[in-house]
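The chain contents come next:
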Amino acid sequence: MKVRNILATKKGRIITIGFDEPVRRAIALLVENRIGALLVVDPAGKLVGILSERDIMRTAATDEALFSRAVGEIMTKEVIVGMPQDDVIAVAHTMLEKRFRHLPIMEEDQLIGIISIGDVLKIQRDAYRGEVDTLETRIIAEGE
């Protein structure tokens, strides 16, 4: 199974934020859209980072002025990205090993989506459920 299969199941637009926006605005977007990370872009729309709930909490633990800081000051700058043709199992392995939960998806230098570890687990669960159903049907058919 490929990442493009996950993207095909996702609805909605890609939620981005400018690196110069205040963290308070980022938190509002996260809550409003019920998501765990925002893709951070420059004025040209180029991906320059990712801001996750984890980034916010890490900063909140030591910085009382968090809300007024710019997103670009606390975002993760070294972003690992995926491509639509990536294998879902390989992506899951990378996300688990590198300990991150959101993966921006790029195609020909264009941001086309984002997937979460939850998206990966859901598509794998559904695939396994389909395999189990098929095996149960075969077992029942052989027993008749």
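Here's a quick rundown of the structure. (Residues numbered from 1 in each chain as written. Predicted model: local features only at pLDDT ≥ 70, side-chain atom pairs only at ≥ 80, totals over all residues. Heavy atoms only, no water.)

**Observations concerning the packing of aromatic side chains**
The line we're drawing: Paired rings are identified among Phe, Tyr and Trp, the last through its six-membered ring, by centres lying within 6.5 Å, and are further divided according to the angle between planes into stacked (under 30 degrees), edge-to-face (over 60) and tilted (the rest). By definition, being over a ring means that NZ of Lys or CZ of Arg is both within 6 Å of the ring centre and within 35 degrees of the ring normal.
On inspection of all chains with the given rule, the structure shows zero aromatic pairs. The ring centre of Phe67 lies 4.2 Å from the NZ or CZ of Arg24, which sits over that ring.

**A look at the environment of Ala90**
To keep things clear, this is the line we draw: Helix numbering and strand numbering both begin at the N terminus, where a helix is a DSSP run of H or I of at least 4 residues and a strand a DSSP run of E of at least 2. Exposure is judged per residue with a 1.4 Å probe applied to protein chains only, and the accessible area is read against the type maximum: over 50% gives exposed, under 20% gives buried, and values in between give partly exposed.
Along the chain, Ala90 falls in helix H5 (residues 88–98). For Ala90, a relative accessible area of 42% translates into the label partly exposed.

**Describing the side chain of Asp42**
This is how the line gets drawn: The convention is simple: Lys and Arg are positive, Asp and Glu are negative, and His and the chain ends are not counted. For this analysis, a salt bridge means a side-chain nitrogen from Lys or Arg found within 4 Å of a carboxyl oxygen belonging to Asp or Glu. Pairs of N or O atoms within 3.5 Å make up the polar contacts considered here, provided that, within protein, one atom can donate a hydrogen while the other can accept it, and that residues adjacent in sequence are counted only when both atoms are side-chain atoms. The contact definition used throughout considers only heavy atoms, calling two residues in contact when any of these lie within 4.5 Å.
The residue Asp42 is located in the loop between strand S2 (37–41) and strand S3 (47–52) in this model. The side chain of Asp42 sits in the buried core without any salt bridge; Lys46 is the nearest counter-charge, 5.5 Å away. For Asp42, the side chain forms a polar contact with the main-chain nitrogen of Ala44, separated by 2.9 Å. Apart from residues lying up to four places away in sequence, Asp42 is in contact with Phe19 and Val48.

**Observations regarding unusual backbone geometry**
Despite not being glycine, Arg99 has its phi angle at roughly 60°, a positive value. Looking at the element boundaries, Arg99 is found in the loop between H5 and strand S4 (102–107). A positive phi angle is found at Asp109, which is not glycine, with a value near 65°. With respect to the helices and strands, Asp109 occurs in the loop between S4 and strand S5 (110–116). We classify Asp109 as exposed; its relative accessible area is 75%.

**Observations regarding helix H2 (residues 23–33)**
Quick reminder of the rule: The arc refers to the directions leading from the helix axis to the C-beta atoms.
The complete set of buried residues in H2 reads Val23, Ala26, Leu29 and Leu30. End-on, the buried residues of H2 take up no more than an arc of 115°, which puts them together on one face. Residues of H2 that are exposed and point over 90 degrees away from its buried face: Arg24, Val31 and Glu32. Contacts from the buried residues of H2 go to strand S1 (16–18), S2, S3, helix H3 (53–60) and helix H4 (71–74). Backbone geometry just downstream of H2 places Arg34 in the positive-phi region, at approximately 55°.

**Quick word on the pairing of S5**
Which entries qualify depends on this criterion: Paired strands are those between which DSSP finds at least two bridges.
For S5, the buried fraction is high: five of the seven residues fall into the buried class. Summarising the sheet, S4 and S5 pair through six bridges and their orientation is antiparallel. Each residue of the ladder has a partner; that of Met106, found in S5, is Leu111. Hairpin geometry of S4 and S5 is characterised by an intervening segment of two residues between the two adjacent antiparallel strands and by a positive phi of about 50° at Glu108.

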